[in-house]
Every structure is written in structure tokens, then in C-alpha cells.
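Listed below, chain by chain, are the residues.
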Amino acid sequence: MHIAAVLKRKGTEIITASPDDRIDSVARKLAHHKIGAVLVMKDDGLPAGILSERDIVRAVAADGAAALERPAAELMTRDLVTGSPSDTVSQIMAVMTQRRIRHLPILDGGELVGLVSIGDIVKARLDDAELEVESLRGYVAGMG
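Residues numbered from 1 in each chain as written. Predicted model: local features only at pLDDT ≥ 70, side-chain atom pairs only at ≥ 80, totals over all residues. Heavy atoms only, no water.

As recorded by an unreviewed UniProt entry, the chain carries the name CBS domain-containing protein and is attributed to Azospirillum isscasi.

Given below as C-alpha cells:
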């Protein structure tokens, strides 16, 4: 299965923040949408970085409540790893595991088209396994 199919199933809505958004605002956005990360976007429509719940927790642990007043640009991860709609679920899973990341922006021809989480990838793998089991059941039932 390719990432394009995962995006088609889950949708391509991407929750974003601007580099100047305060961390308290980003935290409310994460909670409201029940998500673990937002892409921090540049003016050209491309991601400047990604900001996750973990980034926020680490900053609060280090700096206390003052961390909530800092801009997203200060806490975001700038070194983005990205994927493509033509990547397979297995390829993306390997990248996420090797790099220890839980969210991956998907670019197509330099344009942002989606964001997948490790949960999306696991769901896709489970759906594939279920389909395979049903196919094998049908095959075995047809033999009898």
C-alpha cells in the first residue's frame, strides 16, 4: 500500500501553526484537534518545522510556565524528514522507526499534500493484514 492510499482514507486536512504562534496557543490547538503535532508553516506554504506535544513538554519541564509564552519557531524541529505519496507504508514505517519520529509531512512535487502519523501507518498495516486474512479464508473455503 502506498501513502497516497493512506491519505485518501484519512483525508488531507493538515493542522498548522505559524512560527510566531505562542506555545500556549499551539497546545490548545493540539488539544482541540486531538492531535500530537502541528506543522509550522512558512509564508510560501511549505513547512518550516514541526512542533509536537513532546517538544512542548520538554520545554515546560526545562523552563516552567514561561515556555508557554515562547514562539513556535523556538521549539519546533527544523530538520524535517518528509515522505512522498508514492512511498510505501513499509518504507515510511522504516523511516519513522529509524529516525524515532511519529509524524511525517508528505510532499508531492515540492507541495505539501498531507501529514501521516505512526498511528495512521499502524492502521494501514492492520487493514492490509485483515484483507490478506480474508483473502486466504476465501481461498481455503473455495478449495473445499
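What follows continues from the structure just given.
**Some remarks on the environment of Arg22**
Summarising the element assignment, Arg22 is placed in the loop between strand S1 (16–17) and helix H2 (23–33). A relative accessible area of 39% places Arg22 in the partly exposed class. When the C-alpha positions of Arg22 and Thr82 are compared, they lie 25 Å apart, and in sequence the two are 60 residues distant. When neighbours within four sequence positions are excluded, Arg22 is seen to be in contact with Leu68, Glu69, Arg70 and Pro71. (Helix = DSSP H or I, 4+ residues; strand = E, 2+ residues; numbered from the N terminus. Buried < 20%, exposed > 50% of the residue type's maximum accessible area, 1.4 Å probe, protein only. Contact = heavy atoms within 4.5 Å.)

**Examining the sheet that holds strand S2 (residues 37–41)**
Judged by pairing direction, the sheet is mixed, and its three strands sit side by side in the order S1-S2-S3 without closing on themselves. Both edges of this open sheet fall to S1 and strand S3 (47–52), since each of them pairs with a single strand only. With two bridges joining them, S1 and S2 adopt parallel strand pairing. Directly across from Ala17, in S2, lies its bridge partner Val40. (Pairing = 2+ DSSP bridges.)

**With respect to H2**
Among the residues of H2, those classed as buried are Ile23, Asp24, Val26 and Leu30. In an axial view of H2, the angular spread of the buried residues amounts to 160 degrees, which keeps them on one side of the axis. More than 90 degrees from the buried face of H2, the exposed residues found are Arg28 and His32. Considering only its buried residues, H2 is in contact with S1, S2, S3, helix H3 (53–63) and helix H4 (72–75). Of the residues one or two after H2, Lys34 is the one with positive phi, at around 55 degrees. (Arc of directions from axis to C-beta.)

**Here we look at the nonpolar core**
Among the nonpolar cores identified, the biggest contains 16 residues, and Ile23, Val26, Val38, Leu51, Ile56, Ala72 and Met76 are the most heavily contacted of them. Counting only elements with at least two residues in this core, the list comes to H2, S2, S3, H3 and H4. When neighbours within four sequence positions are excluded, Met76 is seen to be in contact with Val40, Ala48, Gly49, Ile50 and Leu51. Counting residues in each nonpolar core, the second largest holds 12 residues, with Ile3, Ile92, Ile121 and Ala124 among its members. (Core = buried A, V, L, I, M, F, W, Y, C linked by side-chain atoms within 4.5 Å.)

**Details of the side chain of Asp55**
Along the chain, Asp55 turns up in helix H3. We classify Asp55 as buried; its relative accessible area is 14%. There is a polar contact of 2.9 Å between the side chain of Asp55 and the backbone nitrogen of Ser52. Residues within four places of Asp55 in sequence aside, it is in contact with Ile50, Leu75 and Thr77. (Polar contact = N/O pair within 3.5 Å; in protein donor to acceptor, adjacent residues only side chain to side chain.)

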